[in-house]
Amino acid sequence: MRRTVSIFGSTGSIGCNTVELLLLQGGAKIYDVKVVTGARNIQLLAEQAVLLNADMAVTADESRLETLIEALAGTGIVATAGSEALRDAAMTKVDWVMSAIVGSAGLTPTLEMAKQASVLALANKESLVCAGELIKATCAKSGCMLVPVDSEHCAIYQALAGGKQGDISRIILTASGGPFLDWTPEQMANATLEQAMAHPNWDMGQRISIDSATMFNKALEVIEAHQLFDVSATQIEVVVHPQSIVHSMIEYNDYSVIAQLAAPDMRGAIGFALNWPERQPLPIEQLDFGTMSRLDFATPDEIRFPALRLARRVLEIGGLAGAVFNAAKESALDRFISGDIGFLDMARLVETVLENLHVKAGQSSSLDGLEAVMTFDREARTMGQNWMPK
Ligand code: NDP
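In this text the structure is predicted, and so the values were computed from the model without any measurement.

Caption draft 1: The overall build of the protein, seen in detail. The secondary structure content of the protein amounts to 16 helices and eleven strands. Against the 2.2 N^0.38 benchmark of 21 Å for 390 residues, the protein shows a C-alpha radius of gyration of 20 Å, consistent with a compact globule. With the principal axes as the frame, the protein shows a C-alpha extent of 55 × 50 × 40 Å. Counting every position in the protein, which comprises 390 residues, the buried fraction comes to 55%. Counted over contacts in the protein with a minimum sequence separation of 6, partners at least 24 positions apart contribute 68%.

This is the structure in structure tokens:
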């Protein structure tokens, strides 16, 4: 019997790589594709739906439904649109689902996926940051296996084959350092959108590329690691590793360190999640240790990259501080992209919003339900939109 799969966010960077791997591994002959989703890129969404012979294509953008219907005319593929349609599609029972919508828009569908899927390949780290307890409790109840797609967490997941979770002494998350690793604060203050998007190693979507430049992406990953591997803030260390070859490491209580290494190519982590618990050859570059001259590691500069300090603050506050942090970060990012605030203002905005809401957020939990999470999300976003640089 063919394996049933869905891809949420199929038109994005992670989504396109997932589609490519599904096609390489036999496409519709092997996989019974139920749902593909996108938002603005309707032509690509329709092409993917046809290539994979999907049952349904969903766009989050209701104003583009007519275009999607036209693009799929005569194919028999159902077209729907809007956030309710996205949520309904996420209720489709499948063997494997990729959660790769960007931002907190991915939270509601991911929660539904956790109820229905046998394996949830999770790229949308924001859902764990905003509602980690709720997602984990949902998976535990339904029996859904959560396999992380973020390369660092996928590396930790693989390194866990070397020991028990309870014997972890430290998790060492590697960070490329992004495009501004060697920039002065003055240069960073004037960084442009194009400069912030120019990631030295990884080819990713616009938002995560800028989050890598601020290290907000790494901050989200610290919180994600805490949620996934049940480790405290003091057990999570970030090291700058500019080559992005060592994807992350676990130090066990006997001080043995188990690392996972591979070329910086997201098809590695996506392919691991797709084939889990088996392994299959993937179209990624093999490492050549003979020509690899060096692997560098350094302590990150938290003065220039305050996001890491803020991540620890989020874990200290607990409760729904992650939802506040993520929403503030998303609103800061929107404002930087629109040219409204400078690069270094993003961290200032996030810190102000986090400190304004920390008491209330600390007293709540994602187990209070999705509405509680969304309330903090909205409040933090509004504060972020109204924040003024000094
Ligand atoms: P992209 O921006 O490339 O793609 C995002 C996807 O989400 C697209 O399919 C997009 O549709 C869709 N989308 C955008 N807005 C909405 C919305 N409001 N509602 C529903 N769907 C929407 O993102 P990435 O692929 O880079 O990232 C996806 C997720 O994976 C993020 O959570 C990111 O943090 C995580 N991740 C990404 C990595 C990478 O290498 N890119 C690495 C590790 C994690 P459309 O394009 O049609 O508008």
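Additional details are given in the paragraphs that follow.
Caption draft 2: Summary view of the environment of proline 389. Tracing the backbone shows proline 389 in the segment after α16 (370-386). A residue is classified by how much of its surface remains accessible, and proline 389, at 34% relative accessible area, is partly exposed. In this structure, the C-alpha to C-alpha distance between proline 389 and leucine 128, residues 261 residues apart in sequence, is 29 Å. With near-sequence residues (within four places) excluded, proline 389 lies in contact with Arg335, Ile341 and Asp345.

Caption draft 3: Looking closely at the pairing of strand β1 (residues 3-8). For β1, a buried count of five out of six residues is recorded, marking the element as mostly surrounded by other parts of the structure. At this point the chain moves from β1, through helix α1 (residues 13-24), to the parallel strand β2 (residues 31-38), and the crossover so formed is right-handed.

Caption draft 4: Broad picture of the sheet that holds strand β4 (residues 78-81). The seven strands are arranged β4-β3-β2-β1-β5-β6-β7 in an open sheet whose pairing can be described as parallel. Sheet topology places β4 and β7 (145-148) at the edges, where each strand pairs with a single neighbour. Averaged over neighbouring strand pairs, the angle between their axes works out to 15° when direction is ignored. Across four bridges, strand β5 (residues 96-99) lies against strand β6 (residues 119-122) in parallel orientation. Within β6, the position partnered with valine 97 by the bridge is leucine 120. Helix-sheet contacts for α1 involve β1, β2 and β5, and the interaxial angle to β1 is about 155°.

Caption draft 5: A look at the packing of aromatic side chains. Enumeration over the complete set of coordinates arrives at five aromatic pairs. Ring geometry for phenylalanine 180 versus tryptophan 183: centroids 4.2 Å apart, planes at 40°, classification tilted. Its relative accessible area of 0% is what places phenylalanine 180 among the buried residues. Between phenylalanine 336 and phenylalanine 343, the ring centres sit 5.7 Å apart and the planes meet at 75°, which makes this aromatic pair edge-to-face. Aromatic ring contacts, followed pair by pair, group Phe180, Trp183, Phe336 and Phe343 into a single cluster.

Caption draft 6: Spotlight on the site of the ligand. Taken together, 25 residues lie near the ligand, and Thr11, Ser13, Ala39, Arg40 and Glu126 sit nearest. The separation between an oxygen atom of the ligand and a polar main-chain atom of glycine 12 is 3.2 Å. A distance of 2.9 Å separates an oxygen atom of the ligand from a polar atom in the backbone of isoleucine 14. The residue makeup of the shell around the ligand, split by class, is twelve nonpolar, nine polar and four charged.

Caption draft 7: Just the state of the cysteines, in detail. Under the counting rule described, the total for this entry stands at zero disulfides. Looking at cysteine 130, it has no disulfide partner, and the nearest cysteine sulfur is the one in cysteine 139, 16 Å off.

Caption draft 8: Region of the structure containing the sheet that holds strand β11 (residues 257-261). Spatial strand order, β9-β8-β10-β11: four strands in an open sheet with mixed pairing. Of all strands in the sheet, those with a lone pairing partner are β9 (236-240) and β11, marking the two edges. Shown here is a sheet whose adjacent strand axes are inclined to one another by a mean of 20°, direction ignored. Sheet analysis places strand β10 (residues 246-252) next to β11, joined by five bridges and oriented antiparallel.

Caption draft 9: Representation of the environment of isoleucine 208. Tracing the backbone through its elements, the reader meets isoleucine 208 in helix α10 (residues 206-214). Along the sequence, isoleucine 208 and lysine 218 sit ten residues apart, while their C-alpha atoms lie 10.0 Å from each other. Each residue touching isoleucine 208, except ones within four places of it in the same chain, is listed here: Lys125 and Asn217.

Each value, and the rule that gives it
- Residues numbered from 1 in each chain as written.
- Predicted model: local features only at pLDDT ≥ 70, side-chain atom pairs only at ≥ 80, totals over all residues.
- Heavy atoms only, no water.
- Helix = DSSP H or I, 4+ residues; strand = E, 2+ residues; numbered from the N terminus.
- Rg over C-alpha atoms; globule rule 2.2 N^0.38 Å.
- Buried < 20%, exposed > 50% of the residue type's maximum accessible area, 1.4 Å probe, protein only.
- Contact = heavy atoms within 4.5 Å.
- Right-handed = clockwise from strand over helix to strand, strands pointing away.
- Pairing = 2+ DSSP bridges.
- Axes fitted to C-alpha atoms, helices over the stretch in contact; angles between N-to-C directions.
- Phe/Tyr/Trp six-rings, centres within 6.5 Å; stacked < 30°, edge-to-face > 60°.
- Near = heavy atom within 4 Å.
- Polar contact = N/O pair within 3.5 Å; in protein donor to acceptor, adjacent residues only side chain to side chain.
- Nonpolar A, V, L, I, M, F, W, Y, C, P; charged D, E, K, R; others polar.
- Disulfide = S-S within 2.5 Å.

All quantities given are derived from atomic positions and should not be read as evidence of function.
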